[in-house]
Amino acid sequence: MSIRVLVADDHAAVRAGIVLILGGAGDIEVVGEAADGEEAVALALETGPDVVLMDVRMPRLDGISATRQLAGVADVLILTTFDVDEYVFGALRAGAAGFLLKNTDADALVEAVRVVARGDGLISPGVTRRLIAAFAEQVPRREMSDVEALTPREREVLACIGRGLSNAEIARELDMAEATTKTHVSRVLNKLGLKSRVQAAIYYSDSSSGGVEV
């Protein structure tokens, strides 16, 4: 089954380039193109993509605001020219599943779409360490009762997320089906009031002495 992708960027040439790259991957189907955030939200609701590739700076509605509106509708992968903390933090607070810079090469972009479509999180290597250090201070602190609401298995899954493991790696480590892993990840996010597994990893690093591997 193809991964359904919506591309949102206000520059027509950039959109065309991204569509061309994704179109060369046999397992990806571009189901729509949007020139601004409002159009991206409307098209996502209409077409039901698995992943939205979202620019940050767009007219009418910026990419971060659009990402916030798409929570629960599709996984959003931010793709931007600007390596600016404000954009990185804003995107992840809004629930983005990943953050990449536009200088990412074609193969890495295609693989990033696949990673996010699998339900895993992804952050451009150039911003990862800076992000974890700074963003951990900005995630709302949770009471211990929030963690205590997790089942023992869900706590194990949270620890794996905090170590940076993908769903497939968690499934192997905890000896369960990958579909079951995805269910547990969703429950962990819901119980902790978090929007993405990236936020969960940061929450784990903030609430444990072991930190998070990046």
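Right above here is the structure, for reference.
Residues numbered from 1 in each chain as written. Predicted model: local features only at pLDDT ≥ 70, side-chain atom pairs only at ≥ 80, totals over all residues. Heavy atoms only, no water.

(A) Focus on the nonpolar core. Judged by nonpolar contacts, the single largest core of 30 residues is most densely connected at V52, M54, L70, I78 and F99. Elements with a minimum of two residues in this core: β1 (3-8), α2 (37-47), β3 (51-54), α3 (63-69), β4 (75-80), α4 (85-93), β5 (98-101) and α11 (197-207). No other element matches α4, which puts five residues into this core. Counting 20 residues, the second-largest nonpolar core is a separate cluster that includes I18, A25, A97 and V115. (Core = buried A, V, L, I, M, F, W, Y, C linked by side-chain atoms within 4.5 Å. Buried < 20%, exposed > 50% of the residue type's maximum accessible area, 1.4 Å probe, protein only. Helix = DSSP H or I, 4+ residues; strand = E, 2+ residues; numbered from the N terminus.)

(B) Region of the structure containing the pairing of β1. Counted residue by residue, β1 has five buried out of six residues, so it is predominantly covered. Where β1 lies against strand β2 (residues 28-34), six bridges are found, and the strand directions are parallel. Residue pairing in the sheet places V7 in a bridge with E33 of β2. Handedness of the crossover joining β1 and β2 through helix α1 (residues 12-23): right-handed. Inspection of the sheet shows β1 paired to β3 by four bridges, in the parallel sense. Bridge assignment links L6 to a residue of β3, and that residue is V52. (Pairing = 2+ DSSP bridges. Right-handed = clockwise from strand over helix to strand, strands pointing away.)

(C) Seen up close, unusual backbone geometry. Although it is not a glycine, R60 sits at a positive phi angle of roughly 65°. Looking at where R60 falls in the secondary structure, it is placed in the loop between β3 and α3. At D175, a residue that is not glycine, the phi angle is positive and equals roughly 55°. Along the polypeptide, D175 turns up in the loop between α9 (167-174) and α10 (178-192). Residue classification places D175 among the exposed positions, given a relative accessible area of 69%.

(D) Molecular detail of the packing of helix α8 (residues 152-162) against α10. One way to put it is that α8 packs onto α10 with a least axis distance of 9 Å and a crossing angle of 95°. On the basis of the axis angle, α8 is roughly perpendicular to α10. Two secondary-structure elements touch here, α8 through R153, E154, V157, L158 and I161 and α10 through H184, V185, R187, V188, K191 and L192. Among the residues forming the contact of α8 with α10, the class breakdown is six nonpolar, one polar and four charged. (Axes fitted to C-alpha atoms, helices over the stretch in contact; angles between N-to-C directions. Parallel < 35°, antiparallel > 145°, perpendicular 65-115°, else oblique. Contact = heavy atoms within 4.5 Å. Nonpolar A, V, L, I, M, F, W, Y, C, P; charged D, E, K, R; others polar.)

(E) Inspection of the pairing of β4 at higher detail. For β4, the tally of buried residues reaches five of six residues, placing the bulk of the element in the interior. Strand direction decides the pairing type here: β3 and β4, joined by four bridges, are parallel. Note on β4: the bridge partner recorded for L53 is L77. What joins β3 to β4 is α3, and the crossover it makes is right-handed. Where β4 meets β5, four bridges bridge the pair, whose relative direction is parallel. Residue L79 lies in a different strand from β5, and its bridge partner there is L100.

(F) Structural view of the packing of α8 against α9. Taken N-terminus to C-terminus, the directions of α8 and α9 make an angle of 130°; their axes are 10 Å apart at the nearest point. Between α8 and α9, the interaxial angle falls into the category oblique. The two elements α8 and α9 meet at a crossing, and its hand is right-handed. Where α8 approaches α9, its residues R153, E156, V157, C160 and I161 are matched on the opposing element by I170, E173 and L174. In terms of residue class, the contact of α8 with α9 is made up of five nonpolar, no polar and three charged. (Left-handed = near helix turned anticlockwise from the far one by under 90°.)

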